[in-house]
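Analysis of the macromolecular model
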Amino acid sequence: MEFIKPFFEGKSIFKQILFLILFLMAGAIIFSGLGELIAYAVYHTMDMYEASSPAGYARIVQAFSSLGMFLAPALLFAYCQDKQWWNYELANRKPHYLLTNVTLVLSIVLLPLVAILDQWNSAIRLPESMAGIQQWMDSMEEQAESLMTLMTFEHNNLTLVVNLLVLALIPALGEEFLFRGTIQNAMHRWTGKPHLAIWVTAFIFSAIHFQFAGFIPRMLLGAYLGYLFYWSKSIWLPVMAHCLHNALTVLVSFTLQGRGILVDEIKFTDIHGSTTMVITCAVVAAMSIVFMWRTQKELNA
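Residues numbered from 1 in each chain as written. Predicted model: local features only at pLDDT ≥ 70, side-chain atom pairs only at ≥ 80, totals over all residues. Heavy atoms only, no water.

**Let's talk about the overall build of the protein**
Counting its regular elements, the protein contains nine helices and zero strands. Counting from the amino terminus, helix and strand elements in the protein follow one another as α-α-α-α-α-α-α-α-α. Taking 301 residues into account, the globule formula puts the C-alpha radius of gyration at 19 Å, and the protein, at 20 Å, falls close to it. Expressed along its principal axes, the backbone C-alpha trace of the protein runs to roughly 60 × 50 × 45 Å. Taken across its 301 residues, the protein has 42% of its residues classed as buried. Taking the contacts inside the protein whose residues are at least 6 apart along the sequence as the reference set, 74% of them involve residues at least 24 apart. As presented, the protein carries roughly 16400 Å² of accessible surface, and 69% of it is formed by carbon and sulfur atoms. (Helix = DSSP H or I, 4+ residues; strand = E, 2+ residues; numbered from the N terminus. Rg over C-alpha atoms; globule rule 2.2 N^0.38 Å. Buried < 20%, exposed > 50% of the residue type's maximum accessible area, 1.4 Å probe, protein only. Contact = heavy atoms within 4.5 Å. Areas by Shrake-Rupley, 256 points an atom, 1.4 Å probe, with all protein chains shown as cover.)

Below, the structure written as structure tokens:
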């Protein structure tokens, strides 16, 4: 059927954006409903908190929601663009081993930097005149934290493995294929301005999570992932970095809970040696990013 033209051929950018929004809405509704049905089949209730395992119920719904809202729309958009599921996303290309190795280092040293930025961002409050918006933002944060606590509270190896799948691997795949592989890639082609595409996509990436206490560090992480995609010309490098960041966060939480320490009760600045750690990590991160930038220039020359 090679004679059939791609669905988006001849369609304006505006129409393509509308279709992407439609794909996102349809995917979210269909897959969330499918997740609820599977959770019902397993737990025989439509109320998460009445299930024998509310955490298990939440993991099923979370996994399907991530697949439906992020990965499925990205793949469908890619196929409509040029009738290829993989090439458009640059998923048929492996990142250079030097970029991969540096990303492994960055995945570790960025954690303390994100933690300190997150703590600073959480302390920002809106003026009294915007109390209603602040209350809504706080409510969204509480819901997200409550769900995360529910899914990570159980402390056993099986739960850890499932959480790594649901909270690290699936979101990394879905979000990177949508934000970097689809939105950033499309914006780059439409505007011809890669840096604009990276930062606008990073802003959208952070905003769509509706967790405003971590908006700034999440946007910076989004930009970092965007540059990994732009420099490596492969979607797998930001997927790996995203997955590692989420996985390390889950592992840190798991380790601390094993010692009876709740992550939400810890302030990073209260940890002994935190200032030295942040400075060291910032220096290593800066050197790593400069090395990666120079390496990709040589590779792409």
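**Description of unusual backbone geometry**
Positive phi values are uncommon outside glycine, yet H44 reaches one of about 60 degrees. Its place among the elements puts H44 in the loop between α1 (13-43) and α2 (54-82). Here H44 falls in the exposed class, since its relative accessible area comes to 63%.

**Description of the packing of aromatic side chains**
Centre distance and the angle of the planes are the two values used to describe a pair of aromatic rings. Scanning the model with the defined rule gives 11 aromatic pairs in all. Ring centres 5.4 Å apart and planes at 40 degrees place the aromatic pair Y227 and W231 in the tilted group. One end of the pair is Y227 and the other is W231, both in helix α7 (residues 215-232) and four residues apart, which spans about a single turn. Feature note: the residues F7, F8, F19, F23 and F77 constitute an aromatic cluster, connected by ring pairs. Between K11 and the ring centre of F7, over which it is positioned, the NZ or CZ distance is 4.2 Å. Above the plane of the ring of Y230 lies K233, whose end atom (NZ or CZ) is 4.8 Å from the centre. (Phe/Tyr/Trp six-rings, centres within 6.5 Å; stacked < 30°, edge-to-face > 60°. Lys NZ or Arg CZ within 6 Å of the ring centre and 35° of its normal.)

**With respect to the side chain of T103**
Structurally, the position occupied by T103 is in helix α3 (residues 97-122). Apart from the residues lying within four places of it in its own chain, the contact partners of T103 are Y224, L228, L237, M240, A241 and M292.

**Some remarks on the nonpolar core**
Inside soluble globular proteins, nonpolar side chains tend to come together where they are buried. The biggest cluster of nonpolar side chains holds 24 residues, and the ones touching the most others in it are L106, L110, L113, Y224, L228, A285 and M292. Elements represented by at least two residues in this core include exactly α3, α6 (194-207), α7, α8 (236-258) and α9 (274-299). Looking at this core element by element, the count peaks at nine residues for α7. Excluding its chain neighbours within four sequence positions, the residues that come into contact with Y224 are T103, L106, L110 and A241. Core analysis: the second largest hydrophobic core is formed by 20 residues, F23, L178, F229 and I235 among them. (Core = buried A, V, L, I, M, F, W, Y, C linked by side-chain atoms within 4.5 Å.)

**Comments concerning the environment of H155**
Along the polypeptide, H155 turns up in the loop between α4 (131-152) and α5 (157-191). When its relative accessible area of 40% is taken as the criterion, H155 is described as partly exposed. Residues H155 and G174, spaced 19 residues apart in sequence, show a C-alpha to C-alpha distance of 26 Å.

**Details of α6**
Over its 14 residues, α6 runs 20 Å from end to end, which matches the ideal 20 Å to within 8%, given 1.5 Å per residue. Within α6 the residues assigned to the buried category are P194, A197, I198, T201, A202, F205 and S206. What you see down the axis of α6 is that its buried residues fit within an arc of 155 degrees, all on one side. (Expected span 1.5 Å × (residues − 1). Arc of directions from axis to C-beta.)

**Structural notes on the side chain of Q184**
The residue Q184 is located in helix α5 in this model. Note on Q184: relative accessible area 4%, which makes it buried.

**Some details on the packing of α1 against α2**
At a minimum axis separation of 7 Å, α1 and α2 run at an interaxial angle of 150 degrees. Taken together, α1 and α2 sit at an angle that is classed as roughly antiparallel. The crossing of α1 and α2 is right-handed. Split by residue class, the contact of α1 with α2 holds 21 nonpolar, eight polar and one charged. (Axes fitted to C-alpha atoms, helices over the stretch in contact; angles between N-to-C directions. Parallel < 35°, antiparallel > 145°, perpendicular 65-115°, else oblique. Left-handed = near helix turned anticlockwise from the far one by under 90°. Nonpolar A, V, L, I, M, F, W, Y, C, P; charged D, E, K, R; others polar.)

**Considerations on the pattern of salt bridges**
Going through the model one piece at a time under the given rule, you end up with one salt bridge. Here E176 ties to R180 by a salt bridge, and the two come within 2.8 Å at their closest N and O atoms. Taken together, the positions of E176 and R180, both in helix α5 and four residues apart, correspond to about one turn of that helix. For R180, a relative accessible area of 0% puts it in the buried group. (Salt bridge = Lys/Arg side-chain N within 4 Å of Asp/Glu carboxyl O.)

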